[in-house]
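Breakdown of the fold
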Number of protein chains: 2
Amino acid sequence: MRLHGYWRSTTAYRVRIALALKGIACEAVPVDLTKGEQSAPGYAVLNPGRGVPTLILDDGTVLTQSTAILEWLEETTPEPPLLPRDPVARAQVRAAALTIATDIHPVNNLRVVNRLKAMGHDQDAIVDWMNGWMRQGLAAFAALIGPDAPFCFGEAPGLADVCLVPQLYNARRWGCDMTGLCRLAGIEARCLALPAFDAARPENQPDAA
Amino acid sequence: MRLHGYWRSTTAYRVRIALALKGIACEAVPVDLTKGEQSAPGYAVLNPGRGVPTLILDDGTVLTQSTAILEWLEETTPEPPLLPRDPVARAQVRAAALTIATDIHPVNNLRVVNRLKAMGHDQDAIVDWMNGWMRQGLAAFAALIGPDAPFCFGEAPGLADVCLVPQLYNARRWGCDMTGLCRLAGIEARCLALPAFDAARPENQPDAA
């Protein structure tokens, strides 16, 4: 199995964590987003959305979109589970995860940032843009997760934690004000103390600069 | 069951289609996004992300995030299915649906548009912004769906069609150039000829202006 990703991409980071939690070995294939490698014809044919990650299965099957890949991993390697069994509980975990995957990440994606630059905005305005969506989205995320527990929804990390930790990496990268979000920082610390999360950290990837 | 939504919201439109396809009756509760009703305290406590849709089950359980609601519907009312049975096929349908749900919709959301206005961009620049993401995302979507068939992945509509039809409604609203995307227009026409899609159309909602 091969995972095309980029060390700093939060969507690739999500998939690395889930693979590691489920104990699935996977070869890392770097796609340098800063050099535009996601738009190279050979890659764009695998991933028409020109993003990362792309997961190539051993039989050559190509899977794209991190959230779809996470659901596929959960269906094909159910243990340890990323989602609870009860349908309502599953929907609540997914809603929290999707608050990051739809309300925060896409609006701060590299292509959006590049578009804002092309529209004349400077780096300060762009950092303000990113941090604004992160503050707002992380506050919503904090309201959607379960009652106080070591992880987002209980005693073990799941889909919401898999999305949270990469987004908090990005939040720190851009100096996002985390006031009032200390429960999230506590969950992050407990996650990163686990070997699966630690192995998936951006700085532990072969393409880390 | 009550669905808090807005007639023109593409995310509420997705859920209306899925409910109708599965034959589930649901009371519509309008949330006027143009008047900021999504930020009223009584609503924001139900939906901390301050968006639509919000689905309230008969026992009072609150579900948010359209994609999480669609998965819940699929798990609790499996017929007719929105997803195939094979895990790889499910991942490929989800990847297409998520191309709309993560790469197009969030970047064109009302709150993003309002932020661009506050940053000094005029209506022409904003329409150009929206149409750019739609062109790019719909081209990726077209490359991700299955081979030629009446619907996105075969002989019946599923999760990808449920996301496509609302996004094409939005594309027409803003005059997006659909050149080269005629397969998508054909799928849209076949979907809208079905009673479930027709009943869910924005113009058939009680709050349509």
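First, a word on scope: everything that follows refers to the structure included in this document. (Residues numbered from 1 in each chain as written. Chains lettered and ligands numbered in written order. Predicted model: local features only at pLDDT ≥ 70, side-chain atom pairs only at ≥ 80, totals over all residues. Heavy atoms only, no water.)

1. Focus: the interface of chain B and chain A
At the junction of the two partners, chain B supplies 41 residues and chain A supplies 41 residues. Buried surface at the junction of chain B and chain A, summed over both partners, amounts to about 3700 Å²; 66% is from carbon and sulfur atoms. In terms of surface lost to chain A, no three residues of chain B exceed Gln 65, Arg 115 and Trp 129 of chain B, which account for 15% of the buried area on that side. Along the contact surface separating chain B from chain A lie ten salt bridges. Elements represented by at least two residues in the side of chain B that touches chain A include exactly strand 4 (62-64), helix 3 (66-76), helix 4 (87-104), helix 5 (110-118) and helix 6 (123-144) of chain B. Ranked by the residues each element gives to the side of chain B that touches chain A, the list is headed by helix 4 of chain B, at twelve residues. (Contact = heavy atoms within 4.5 Å. Buried area = accessible area lost by both parts, 1.4 Å probe. Salt bridge = Lys/Arg side-chain N within 4 Å of Asp/Glu carboxyl O. Helix = DSSP H or I, 4+ residues; strand = E, 2+ residues; numbered from the N terminus.)

2. Observations regarding the sheet that holds strand 1 (residues 2-5) of chain B
All names here are of chain B. Strands sit in the order 2-1-3-4 across an open sheet of four strands; the sheet is mixed. Either end of the sheet is taken by a strand with one partner, and the two such strands are strand 2 (27-30) and strand 4. If you compare each strand with its neighbour and ignore which way they point, the axes differ by 25° on average. The sheet contact formed by strand 1 and strand 3 (residues 54-56) spans three bridges and is antiparallel. (Pairing = 2+ DSSP bridges. Axes fitted to C-alpha atoms, helices over the stretch in contact; angles between N-to-C directions.)

3. What to know about empty space enclosed by the protein
If you walk through the whole model with that rule in mind, you get four cavities of 30 Å³ or more. In this structure, the largest cavity encloses a volume near 130 Å³. The wall of the largest cavity is formed by 16 residues, among which Thr 67, Glu 71 and Leu 98 of chain A together with Thr 67 and Leu 98 of chain B lie closest to the centre. Counting residues per element, the ones that place at least two in the lining of the largest cavity are helix 3 (66-76), helix 4 (87-104) and helix 7 (159-173) of chain A together with helix 3 and helix 4 of chain B. Looking at the lining of the largest cavity element by element, the count peaks at four residues for helix 4 of chain A. Here the lining of the largest cavity is composed, by residue class, of nine nonpolar, two polar and five charged. (1 Å grid on protein atoms, 1.4 Å probe; cavity = no way out; pocket = protein on both sides within 12 Å on 5 of 7 lines; lining within 4 Å. Points joined across faces, edges and corners; volume = space filled by probe spheres on them. Nonpolar A, V, L, I, M, F, W, Y, C, P; charged D, E, K, R; others polar.)

4. Section: the sheet that holds strand 3 (residues 54-56) of chain A
Residues and elements named next belong to chain A. Strand order in the open sheet formed by four strands is 2-1-3-4, with mixed pairing between adjacent strands. Because the sheet does not close on itself, it has two edges, and the strands there are strand 2 (27-30) and strand 4 (62-64). For this sheet, the mean angle separating the axes of adjacent strands, direction not counted, is 25°.

5. Quick word on the pattern of salt bridges
All names here are of chain A. What the rule picks out here adds up to 24 salt bridges over all chains. A salt bridge links Asp 148 to Arg 183; the nearest nitrogen and oxygen atoms lie 3.4 Å apart. Linking Asp 148 in the loop between helix 6 (123-144) and helix 7 with Arg 183 in helix 8 (residues 182-192), this pair joins segments that are 35 residues apart in sequence. Of the residues examined, Asp 148 reaches a relative accessible area of 73% and is grouped as exposed. (Buried < 20%, exposed > 50% of the residue type's maximum accessible area, 1.4 Å probe, protein only.)

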